[in-house]
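So you can see what is in the structure, the chains are spelled out below.
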Amino acid sequence: MSSRDAILSKIKDNKPDLLELPTINVDVFSDSRNVEDEFILKVEVAGGQVLKAASNDAVLDQINTMFPDSKVKYSTLENTADFNTVDFDAIKSPKELEDLDVLILESEIGVAENGAVWLKDATLPMRVLPFITKHLVIVLNKENLVPFMHQAYGKLIGEDHDFGVFLAGPSKTADIEQSLVIGAHGALSLTLFLK
Amino acid sequence: MSHSKAATIFNKDEKKVNWHDKALWFVRHKRDKSAHSVEGWEELRNLGQGIKAHMLSNLDNYLIQFEENALKNGVQVHWAQDGDEHNRIVHSILQEHNAKKVVKSKSMLTEECHLNPFLEADGIEVIDTDLGERIVQLAKEPPSHIVLPAIHKTKEDVDELFQEHLGTKPCDGDPQYLTGEARKHLREKFVSADAAITGVNFAIADTGGFVVCTNEGNADMGAHLAPVHIACMGVEKIIPKQEHLGVFLRLLGRSATGQHITTYSSHFKKPRNGAKMHIVIVDNGRTKQLSRPDFRASLQCIRCGACMNTCPIYRRSGGHSYDATIPGPIGSILSPGKDLKKHSSLPFASTLCGSCSDVCPVKIDIHAQLYKWRQIITKETEQPFVKKASMKMMGDMFAKPTKFEKVGKMARWSLRNLPKGVINSKPNVWGKERDLPTGPKESFDDWYKKRKKDE
């Protein structure tokens, strides 16, 4: 018998009688918090910052002021070709992105309860981008904020993603004596623009 | 070595133990703060428990469904009955891709299977990339906590380790500097890796995808750069549907460190263009645990570590004193199922206070299972003579009210009148490192009778 069949047959013999799968009633979790205020608070708790911007141009202006010395930049926003210095057609391996200074992405879901935003690989030229960049900038429409993870997954039903990530704040670690250090292996900073 | 002997060694450095105790209690406190901010937290725990219990009752079918979907996604699926088979499978995948340099993100399963020494024996370099895991790897130690692997190390320890292995400058243990140096060192490893190994936090039956949670981003740096990604999971990591992640991701980070969610909750489904993805599904004793009605709920565990942070024994004895891959309360109910004799002291490393069960996000009855393991261990393994004799004496005393009253009277008198040197003398383990209270003049029974009479 193959290991697969051996494992499956042991489970079949050893498992208890079928128990019912509970259904999730989202109503029991609802609170009176304002979704936008809560989202801003939780992004800050996670170590990121939230700024407001009316347009993509306004985002670029602010980013150019924030990171004046950045050399390698990429944005997936519409009409931002002038900002980009990376030519993905010329890149053979994701390892060549090691020097990326600033990356600007768009997200279509923001979660108020934890400040997480959803990034999917359909909008990423390469999966490693949001992790390998030094500074990560994400633009999100206010209308795309949801209160809890349940609604976020509700929005993902029927969508097919090869890869996606809920990302909350810059990378961090507290593995040395529980001292929080921002910037472990991923982005050193996260800036979120609410449109 | 028994847990209590190993704990005695850990307790030799009182300052360090006090720090360890307080640091973990602080994490527990952060967990409380963040859990209490969630409306319906208890309902969330009920859902977590219910979904996992249902999953276990239909696990074979969910695994079949998961495999079918993963194959459709272009992922290769492997099955391993034990740790050795798991190691051989991972090794053969690496050989197939001629991979000599491997980066690994946190996976308690690969610790359990002792994957690193197996691969290293064949000249393969395996680098643990979670900062805490890298620290203990350099120190040639196992992790002492499943979420905070290097919690037993001081910043000065890390400073010295990094000077020796990474050539860093002496810095009085500056965490910012040390983390920055680790980032540079591991960046090199990520960029040059031939393969990435990750664990799996949740595997979703209805999509064939899986989720890996980290704060550092090390799983993603590994998996998205290397040409091969191998994800290793125990059979019990399955959840039926993607929407169930809504429940578990709300529970996991808050229970683990008090974060509302981990920084990265990465949803892997298909390999990226030109890359390969493998999943290894491992039993290694889990189906046996499933056969034990009293203990199968231990398989609901989502590895948050909350039971360790809250445990008064764990906090004061350290993870290494458990001498098991998973330490703490949850480890003490998982390990005896694997090797009853080796781990026979672990279910006794508890006050049975029940705090572990209270904080468990999937409501495993940990303290009840600790008690049940004790019953089995006492029957099946040889107990020390003193313990056997004293238990017998105590049993006899508690069964006879007049005897109990007599012994009680004697004990109360002794506590009032004997000199401290006698009370705290060596044979009385209850007087070790602590003063006993002064014995009251009357027993509860006397007090109660008097009160009745006065009514």
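On a predicted model such as this, the values are computed, not experimentally measured, just so you know.

Engineer: Sorry, what's going on with the overall build of chain A here?
Structural biologist: On a plain count of helices and strands, chain A comes out with five helices and 11 strands. Radius of gyration (C-alpha) of chain A: 20 Å, far over the 16 Å computed for a compact globule of 195 residues. Taking the principal axes of the C-alpha coordinates as reference, chain A spans close to 65 × 50 × 45 Å. Residues counted as buried form 44% of the 195 residues belonging to chain A. Residue pairs at least 24 apart in sequence account for 73% of intrachain contacts in chain A once pairs closer than 6 positions are excluded.

Engineer: Quick question: what am I supposed to make of the confidence of the model for chain B here?
Structural biologist: This prediction gives chain B a mean pLDDT of 96; 100% of its residues lie at or above 70. We note a pTM of 0.95 for the whole complex and an ipTM of 0.97 for its interfaces.

Engineer: Before we go on, may I ask you to explain the interface of chain A and chain B in this structure?
Structural biologist: When the parts of a complex come together, some accessible area is lost, and that lost area is often used as the size of the interface. In this complex, chain A contributes 63 residues to the contact, which on the side of chain B involves 69 residues. Where the side of chain A that touches chain B is concerned, the elements lending two or more residues are α1 (3–14), α2 (35–45), α4 (129–132), α5 (149–156), β8 (163–167) and β9 (172–173) of chain A. Top element by residues in the side of chain A that touches chain B is α1 of chain A. It accounts for nine residues. Of the residues in the side of chain A that touches chain B, the class split is 31 nonpolar, 16 polar and 16 charged. With five bridges joining them, β8 of chain A and strand β9 (residues 264–268) of chain B adopt antiparallel strand pairing.

Engineer: Where do I start with the pairing of strand β11 (residues 189–194) of chain A in this structure?
Structural biologist: Regular strands place their side chains on alternate faces of the sheet. Residues and elements named next belong to chain A. Burial of β11 is extensive: five of the six residues sit out of reach of the surface. Pairing analysis gives four bridges linking strand β1 (residues 49–52) to β11, with the strands arranged parallel. Its bridge partner being in β11, Lys52 is matched across the sheet by Leu194. Bridging between strand β6 (residues 135–140) and β11 involves six bridges; their strand directions are parallel. Paired with Leu136 across the bridge in β11 is Leu190.

Engineer: Teacher, can you tell me more about the pairing of β8 of chain A here?
Structural biologist: Residues and elements named next belong to chain A. In terms of burial, β8 is a largely internal element, five of the five residues being buried. Sheet analysis places strand β5 (residues 116–120) next to β8, joined by four bridges and oriented antiparallel. Following the sheet pairing, Lys120 is matched in β8 by Gly164.

Engineer: Mind showing me how you'd approach the sheet that holds strand β4 (residues 195–198) of chain B here?
Structural biologist: Two strands in a sheet stick together by hydrogen bonds in their backbones, pointing the same way (parallel) or opposite ways (antiparallel). Residues and elements named next belong to chain B. With respect to topology, six strands assemble into an open sheet ordered β1-β10-β7-β4-β2-β3, the strand pairing being parallel. Strand pairing shows two members of the sheet lacking a second neighbour, β1 (76–80) and β3 (125–128), which therefore form its edges. Going across the sheet, the axis of each strand differs from the next one's by a mean of 20 degrees, ignoring polarity. Where β1 meets strand β10 (residues 276–282), five bridges bridge the pair, whose relative direction is parallel. The partner of Trp79 across the bridge, within β10, is Ile281. Relative to β4, helix α11 (residues 218–225) is tilted by about 140 degrees, and along the sheet it contacts β2 (101–104), β4 and β7 (228–234).

Engineer: Even after reading the chapter, I still don't get the environment of Ala256 of chain B, so can you show me in this structure?
Structural biologist: All names here are of chain B. Position of Ala256 among the secondary structure elements: in helix α12 (residues 245–257). Each C-alpha atom, one on Ala256 and one on Val211, is 16 Å from the other, the two residues being 45 residues apart in sequence. Beyond its immediate chain neighbours, meaning those up to four positions away, Ala256 contacts Val147, Cys304, Gly305 and Ala306.

Engineer: Is there a simple way to explain the sheet that holds strand β6 (residues 210–214) of chain B in this structure?
Structural biologist: Across the sheet, which stays open at both edges, the eight strands sit in the order β7(A)-β4(A)-β5(A)-β8(A)-β9(B)-β6(B)-β5(B)-β8(B) with mixed pairing between neighbours. With one partner strand each, in any of the chains shown, β7 (145–146) of chain A together with β8 (238–239) of chain B form the two edges of the open sheet. Here two bridges tie strand β5 (residues 202–204) of chain B to β8 of chain B, and the two strands are oriented parallel to one another. Across the sheet, residue Ala203 of chain B finds its bridge partner in β8 of chain B, namely Ile238 of chain B.

Engineer: What should I look at first to understand helix α2 (residues 14–36) of chain B in this one?
Structural biologist: The α-helix advances 3.6 residues per turn, and as a result positions three or four apart in sequence lie on the same side. Under the 1.5 Å per step criterion, the end-to-end length of α2 of chain B is 33 Å for 23 residues, consistent within 8% with the ideal 33 Å. Along its buried surface, α2 of chain B packs onto α3 (41–57), α12, α14 (306–310), α15 (312–317) and α17 (355–359) of chain B.

Engineer: Mind showing me how you'd approach the packing of α5 of chain A against α12 of chain B here?
Structural biologist: Axes are the key here: two packed helices are described by the angle between their axes and the distance separating the axes. Where α5 of chain A meets α12 of chain B, the axes come as close as 8 Å, and the angle between the chain directions of the two elements is 145 degrees. In terms of crossing hand, the pair formed by α5 of chain A and α12 of chain B is right-handed. Packed against α5 of chain A, whose contacting residues are Met149, His150 and Tyr153 of chain A, the element α12 of chain B presents Leu245, Gly246, Leu249 and Arg250 of chain B at the interface. For the contact of α5 of chain A with α12 of chain B, a count of residues per class yields four nonpolar, two polar and one charged.

Engineer: Mind showing me how you'd approach the packing of α2 of chain B against α12 of chain B here?
Structural biologist: Residues and elements named next belong to chain B. It is the contact of α2 with α12, at a shortest axis distance of 6 Å, that shows an interaxial angle of 145 degrees. Between α2 and α12, the residues in contact are Val27, Lys30, Arg31, Ser34 and Ala35 and Arg254, Ser255 and Thr257, respectively. Taken together, the residues of the contact of α2 with α12 break down into two nonpolar, three polar and three charged.

Engineer: What should I look at first to understand the nonpolar core in this one?
Structural biologist: Considering soluble globular proteins, one finds that nonpolar side chains tend to be buried as a cluster. Residue and element names in this part refer to chain B. Counting 167 residues, the largest nonpolar core has Ala195, Phe210 and Met233 as the members making the most contacts within it. Tallying contributions element by element places α12 first for this core, with seven residues. Each of domain 1 (1–37 + 295–382) and domain 2 (56–284) contributes no fewer than three residues to this core. In this structure Phe210 touches Val200, Phe202, Ala203, Ile204, Ala231, Met233 and Phe268, once residues within four positions along its chain are discounted.

Engineer: Before we go on, may I ask you to explain unusual backbone geometry in this structure?
Structural biologist: Phi is mostly negative for residues that are not glycine, and the peptide bonds are mostly trans. The residue Asn79 of chain A is not glycine, and still its phi comes out positive at about 55 degrees. Structurally, Asn79 of chain A is set in the loop between β2 (73–75) and β3 (102–107). Overall, Asn79 of chain A belongs to the exposed group, with 11 C-beta atoms counted inside 10 Å. A positive phi angle, close to 55 degrees, is found at Asp172 of chain B, a residue other than glycine. Of the residues examined, Asp172 of chain B has 8 C-beta atoms within 10 Å and is grouped as exposed.

About the criteria used
- Residue indices begin from 1 for each chain and proceed along its sequence in written order.
- Each chain gets a letter, beginning with A, and each ligand a number, beginning with 1, in the order they are written.
- Residues qualify for local features only when their pLDDT is at least 70, as the model is predicted, and side-chain atom pairs are given and counted only at 80 or more; totals for whole chains, interfaces and linings, by contrast, use all residues.
- Helix and strand labels come from DSSP, where a helix needs a run of H or I of at least four residues and a strand needs a run of E of at least two; each type is numbered from the N terminus.
- For the radius of gyration, the atom set is restricted to C-alpha positions; the globular benchmark scales as 2.2 Å times the number of residues to the power 0.38.
- Residue burial is a threshold on neighbouring C-beta atoms within 10 Å of the residue's own C-beta, all placed from the backbone, with 20 or more meaning buried, 12 or fewer meaning exposed, and counts in between meaning partly exposed.
- Contact criterion: two residues are in contact if their C-beta atoms, reconstructed from the backbone, are within 7 Å.
- A residue's pLDDT is simply how confident the predictor is in it, with values from 0 to 100.
- Three classes are used, and their members are as follows: Ala, Val, Leu, Ile, Met, Phe, Trp, Tyr, Cys and Pro are nonpolar, Asp, Glu, Lys and Arg are charged, and the others, Gly among them, are polar.
- Between any two strands, at least two bridges found by DSSP are needed for them to pair.
- Angles shown run from 0 to 180 degrees and are taken between the N-to-C directions of axes, each axis being a line fitted to C-alpha atoms and, for helices, limited to the stretch in contact.
- Any helix carries an expected span of 1.5 Å times its number of residues minus one.
- Crossings are sorted by hand: turned counterclockwise from the far helix by less than a right angle, the near helix makes the crossing left-handed, and turned clockwise it makes it right-handed.
- As used throughout, a nonpolar core is a set of buried Ala, Val, Leu, Ile, Met, Phe, Trp, Tyr and Cys residues joined through C-beta atoms within 7 Å of each other.
- The domain boundaries here were taken from an automatic or database domain assignment.

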